[in-house]
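# Descriptive structure summary
This is what each chain is made of:
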Amino acid sequence: MADGDSASHAAFQAASEVTAERLLDSPAHEQARVLRTGAVSARALAEAALARVRAQEPALHAYITLTPDEALAQADAADAQLRRGDATPLTGIPIAVKDLLSTRDVETTAGSAMLRGFRPIVDCTVVARLRAAGAVMVGKANLDEFAMGSSTEYSAYGPTHNPWDLGRVPGGSSGGSAATVAAGGVPLALGTDTGGSIRQPAALCGILGLKPTYGRVSRFGVVAFASSLEQVGPFGRDAEDVALLLAAIAGHDPLDATTAPLPVPDYVAELGRGVEGLRIGVPRELLGEGIEPGVREAVEGALAEFARLGAHLDRDVSLPSVGASLPVYYLIAPSEASANLARYDGVKYGFSAHDGPGMWDDMEQTRARGFGDEVKRRIMIGTYALSTGYYDAYYLKAQKVRTLIRREFEQALATHDLLLTPTTPGVAFKLGEKLGDPLAMYLSDLFTLPVNIAGLPAASIPCGFAEGLPVGLQLIGRAFEEGTILRAAHAYAGVTDWHLRRPSALAAGGVRA
Ligand code: GLN
């Protein structure tokens, strides 16, 4: 940039600083509108986002790596794009990216000591698409190691805190992405969801998170955990923002053969269609026992609201095999993980131990010291389930039950446009509360796991509070019908204000400027 340019840029920036800070509290679509008017520059917005994120980090720890230099360079490019008049809806919008997604030359740890210092040579497809759209990445968000977990406490880089109550977890595994959006650091973030890792933290942090249909979004360059279950998806504060981000990342990718060669609909155009006449099913197995009373109350209130909006509620819906989801998931996911994580041998990526008497000792030490306990637990379960003699009894059986569960969902969705359930049985739990009990941790995904098993799209939307903490409602749709989910989320937000509530923990703690 020429000297004169940067001088006028600095003057412009000084004049718009206050506005940029305030604009950060608006949804991304509003930020995009203001950026187009030129009243605030992408650079000023990026600086405001970085300043707020930095101020919040000591309390939240939502990020593993901040990328200020990248962000400011991308913001300057976005300003040029805006001046040229070829901006996309994401040009100049600050965004956080889960640190499971490969970013060229930027450390990508997957939350593991195993990948400390690993700098990928390419961007994953979704990040490449965001770059092309002009989005501004402010950092790599914290997560449970290799996306295994429900609280972000399994990160090798320390836990993330919930902005609604700093003594509680934000959920996981995409806890950093959810926490920074809920705290207003950025309006948008990307996460991944293998068994609930977008929807569960969205619920616990009071924001919107969507897991797309399996095959809707490319997994190329995403550090692999359980390949047949996971998808990348958006977090935001409203349906329009999530629609914009989904549209930017969705669609066929020649680098990922599991992506569907289907056109990506205009999700934003569909948003205003309302829910009148929609047939909504409430599967009785997913609104049964074990749900905290406050969560049940908030979910019942939301169901009543959908009925008032003109949807037909049907409570006579059953998914008889859905109760087997937890064991099915905890056989299939660890089996795939045990194969995917075999590549961390100290030779090809990241951490490498070199203190043994030979190659096998080095490899053993690399894995013993590079992986955390939960990851080792998964590798052992998976290796066991796939071994000769146990394959038929465990892995194959789980695959058969998976087919049953998928068929039951397909049947229920043949006569219903959406299925509604609580996203989680309870609200955000205290840090440390479930660390000693892996099964209790697994149970927080009871209602989200079945959806990955069936490969369907689903979102969590804020639908109330219990004990002062956010409650999420899960909306499950037909394959490749994310538009119906977003349209229902939009209609519900039109008559409620849960999505507008903001956490005060940070302000009260004096952390927020
Ligand atoms: N909590 C689940 C697990 O630990 C789901 C994680 C995820 O969706 N990535 O496997």
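Look above for the structure.
Residues numbered from 1 in each chain as written. Predicted model: local features only at pLDDT ≥ 70, side-chain atom pairs only at ≥ 80, totals over all residues. Heavy atoms only, no water.

What follows covers the site of the ligand. Around the ligand, 15 residues are found, and the nearest of them are Gly195, Ser197, Tyr329, Arg378 and Asp445. Residue Gly196 places a main-chain N or O atom 3.2 Å away from an oxygen atom belonging to the ligand. One of the side-chain nitrogen or oxygen atoms of Tyr329 is found 2.6 Å away from an oxygen atom of the ligand. Coverage of the ligand by the protein chains reaches 100% of its 290 Å² of free accessible surface. (Near = heavy atom within 4 Å. Polar contact = N/O pair within 3.5 Å; in protein donor to acceptor, adjacent residues only side chain to side chain. Areas by Shrake-Rupley, 256 points an atom, 1.4 Å probe, with all protein chains shown as cover.)

It is worth spelling out unusual backbone geometry at this point. With omega at 10°, the peptide bond leading from Gly172 into Ser173 counts as cis. The topology assignment puts Ser173 in the loop between strand S3 (136–141) and helix H6 (175–182). Despite not being glycine, His61 shows a phi value in the positive range, around 50°. The residue His61 is located in the loop between helix H3 (42–60) and strand S1 (63–66) in this model. A relative accessible area of 23% places His61 in the partly exposed class. (Helix = DSSP H or I, 4+ residues; strand = E, 2+ residues; numbered from the N terminus. Buried < 20%, exposed > 50% of the residue type's maximum accessible area, 1.4 Å probe, protein only.)

Working definition: the strands of a sheet are paired by backbone hydrogen bonds and lie parallel or antiparallel to each other. The strand order S1-S3-S2-S4-S6-S5-S10-S11-S9-S7-S8 describes an open sheet built from eleven strands, whose pairing is mixed. Edge strands, defined here as strands with exactly one partner in the open sheet, are S1 and strand S8 (312–317). On average, each strand axis in the sheet is inclined to that of its neighbour by 30°, with strand direction left out of account. Sitting on the sheet, H3 is in contact with S1, strand S2 (94–98) and S3, with an inclination near 140° to S1. (Pairing = 2+ DSSP bridges. Axes fitted to C-alpha atoms, helices over the stretch in contact; angles between N-to-C directions. Contact = heavy atoms within 4.5 Å.)

This next bit is on the pattern of salt bridges. Across all of its chains, the model carries 23 salt bridges by this definition. Here Glu21 and Arg52 are joined by a salt bridge, their closest N and O atoms 2.9 Å apart. Here Glu21 is found in helix H1 (residues 3–23), whereas its partner Arg52 is found in helix H3, with 31 residues between them in sequence. On the basis of relative accessibility, which here comes to 31%, the residue Glu21 falls in the partly exposed class. The exposure class assigned to Arg52 is buried, which follows from its relative accessible area of 5%. A salt bridge links Arg168 to Asp165; its shortest N-O distance comes to 2.9 Å. Bridged by salt links that share partners, the residues Glu70, Arg104, Asp123 and Arg131 form one connected network. (Salt bridge = Lys/Arg side-chain N within 4 Å of Asp/Glu carboxyl O.)

Time to look at the packing of helix H11 (residues 325–340) against helix H13 (residues 373–386). The contact between H11 and H13 brings their axes to 7 Å, and the two run at 100°. Taken together, the axis directions place H11 and H13 in an arrangement best described as roughly perpendicular. Between H11 and H13, the contacting residues are Tyr330, Leu331, Pro334, Ser335 and Ser338 on the first element and Arg378, Ile379, Ile381, Gly382, Thr383, Ala385 and Leu386 on the second. For the contact of H11 with H13, the per-class residue count stands at seven nonpolar, four polar and one charged. (Parallel < 35°, antiparallel > 145°, perpendicular 65-115°, else oblique. Nonpolar A, V, L, I, M, F, W, Y, C, P; charged D, E, K, R; others polar.)

With eight of its eleven residues buried, helix H8 (residues 239–249) lies for the most part within the structure. The complete set of buried residues in H8 reads Ala239, Asp241, Val242, Ala243, Leu244, Leu245, Leu246 and Ile249. At the N-terminal boundary of H8, the capping side chain belongs to Asp238, with an oxygen 3.2 Å from the backbone nitrogen of Glu240. After H8 finishes, the residue Gly251 shows a positive phi value of roughly 115°.

Turning our attention to the environment of Thr19. Here Thr19 lies in helix H1. Owing to a relative accessible area of 34%, Thr19 belongs among the partly exposed residues under this scheme. Residues Thr19 and Leu190 lie 171 residues apart in sequence; the distance between their C-alpha atoms is 26 Å.

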